[in-house]
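Residue strings, one per chain:
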Amino acid sequence: YWVSDYCLQGSQWGFGRLDLSTQTVVDVIVTNRLYPTIARHRGALYAIEYSTNRFGTLAPTGDSFAWIGSTTVQCCDYGLASDDSTLWIVARLAGVLSIATIDPDTGTIGTPIPLVPPTSVIDTRWYAGAIYAVTNNGMLVTIDPATGVVTELVYVGTSYGLEVFE
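Computed from a predicted model, the values in this text were never measured in an experiment. (Residues numbered from 1 in each chain as written. Predicted model: local features only at pLDDT ≥ 70, side-chain atom pairs only at ≥ 80, totals over all residues. Heavy atoms only, no water.)

## Remarks on the packing of aromatic side chains
Operational definition: Two rings from Phe, Tyr or Trp (for Trp, the six-membered ring) form a pair when their centres are within 6.5 Å of each other. A pair whose planes differ by under 30 degrees is stacked, one over 60 is edge-to-face, and the rest are tilted. Under the scheme used here, helices are H or I runs from DSSP no shorter than 4 residues and strands are E runs no shorter than 2 residues, and both carry numbers assigned from the N terminus. The buried label goes to any residue with under 20% of its type's maximum accessible area, the exposed label to any with over 50%, and the partly exposed label to all in between, with areas taken from a 1.4 Å probe on protein chains only.
Here the structure, examined in full by the defined rule, presents four aromatic pairs. With a centroid separation of 5.4 Å and an interplanar angle of 45 degrees, the aromatic rings of Y35 and F65 are classed as tilted. Remark: F65 occurs in strand β7 (residues 64-72) and Y35 occurs in the loop between β3 (24-31) and β4 (37-41); sequence separation between them is 30 residues. Like F65, Y35 is buried.

Dropping the structure here:
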């Protein structure tokens, strides 16, 4: 079950399952909100809602977003990633582009580790022991969650999001 956030016709937004056999998004749920980053963690979907920059859970059966805690992040350079044990957030934290853990129950952000070099990201994913991200200028990078070191891999030419497939 792969979740995607994308623009539908007009000003509507939606998310759904990506069917790899047809390369289409199916079971689309139309929303009135934009969720620039969504991550699956321990069977639940976590997101940041664009208009409020609030962290919370997203119901995959409808446009239902429940805030968790009072955590907000500075728009718009952010991403969530999970290895199903730890949930990370990459965002401007206290004005500095950083990576930190985020508690899925309380929304509390752990100690921020500045990104080196400072890098604006659009989306992040955990895959094969690393956090991958797409930058605002279309570069695919990895982020070391322990040190904040950002390593450029390849220019992919898009800054709209990231999905990882095996």
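Let's pick the thread back up.
## What about the environment of W88?
Going by this rule: Note on contacts: a residue pair is in contact if any heavy atoms of the two residues lie within 4.5 Å.
Tracing the backbone shows W88 in strand β9 (residues 87-93). For the pair formed by W88 and P145, sequence separation is 57 residues and the distance between their alpha carbons is 8.0 Å. Once residues lying within four places of it in the same chain are set aside, the contact partners of W88 are G79, L80, A81, S82, D83, I99, A100, T101, I102, W126, I131 and P145.

## Quick word on the pairing of strand β10 (residues 96-101)
Here is the key point about a regular strand: its side chains alternate between the two faces of the sheet. Heads up, the rule is: When DSSP finds at least two bridges between two strands, those strands are taken to pair.
Inspection of the sheet shows β9 paired to β10 by six bridges, in the antiparallel sense. By the bridge assignment for β10, A91 is matched with S98. Here β9 folds back onto β10, and the loop between the two strands holds two residues, one of which, A94, carries a positive phi near 55 degrees. In terms of strand pairing, β10 meets strand β11 (residues 113-114) through two bridges, oriented antiparallel. Paired with S98 across the strands is P114, a residue of β11.

## A short note on the side chain of T37
Let me state the cut-off plainly: By the criterion applied in these results, polar contacts are pairs of N or O atoms within 3.5 Å in which, for protein atoms, one can donate a hydrogen and the other can accept it, and in which residues neighboring in sequence qualify only through two side-chain atoms.
Within the fold, T37 resides in strand β4. By relative accessible area, T37 is classed as buried at 0%. At 3.3 Å, the side chain of T37 and the side chain of D123 are in polar contact. Among residues more than four places away in sequence, those in contact with T37 are Y46, A47, I48, Y78, G79, L80 and D123.

## Comments concerning the pattern of salt bridges
Test applied: Salt bridge, as applied in this entry: a Lys or Arg side-chain nitrogen positioned within 4 Å of an Asp or Glu carboxyl oxygen.
Considering all chains together, one arrives at two salt bridges under this definition. The partner of D77 in a salt bridge is R92, and the shortest N-O contact between them spans 3.0 Å. Separated by 15 residues along the polypeptide, D77 in strand β8 (residues 74-82) and R92 in strand β9 bring together distant segments of the chain. By relative accessible area, which is 10% here, D77 ends up buried. When its relative accessible area of 25% is taken as the criterion, R92 is described as partly exposed. Of the charged contacts, one joins R125 and D123 as a salt bridge, the two residues approaching to 3.2 Å between their closest N and O atoms. Judged on exposure class, the residue R125 and its partner D123 are both buried.

## Description of the sheet that holds strand β5 (residues 44-49)
Filter applied, for reference: Only the contacting stretch of a helix is used when fitting its axis, a line to C-alpha atoms as for every element, and angles between N-to-C directions run 0 to 180 degrees.
A sheet is described by the order of its strands in space; here four strands give the open sequence β4-β5-β6-β7, paired in antiparallel fashion. Each of the sheet's edge strands pairs with one partner strand only, and the pair in question is β4 and β7. Adjacent strand axes in the sheet meet at a mean angle of 30 degrees, parallel and antiparallel pairs treated alike. Bridging between strand β6 (residues 54-59) and β7 involves five bridges; their strand directions are antiparallel. What sits directly across from G56, in β7, is W67.

The quantities given are spatial measurements derived from coordinates; they are silent on function.
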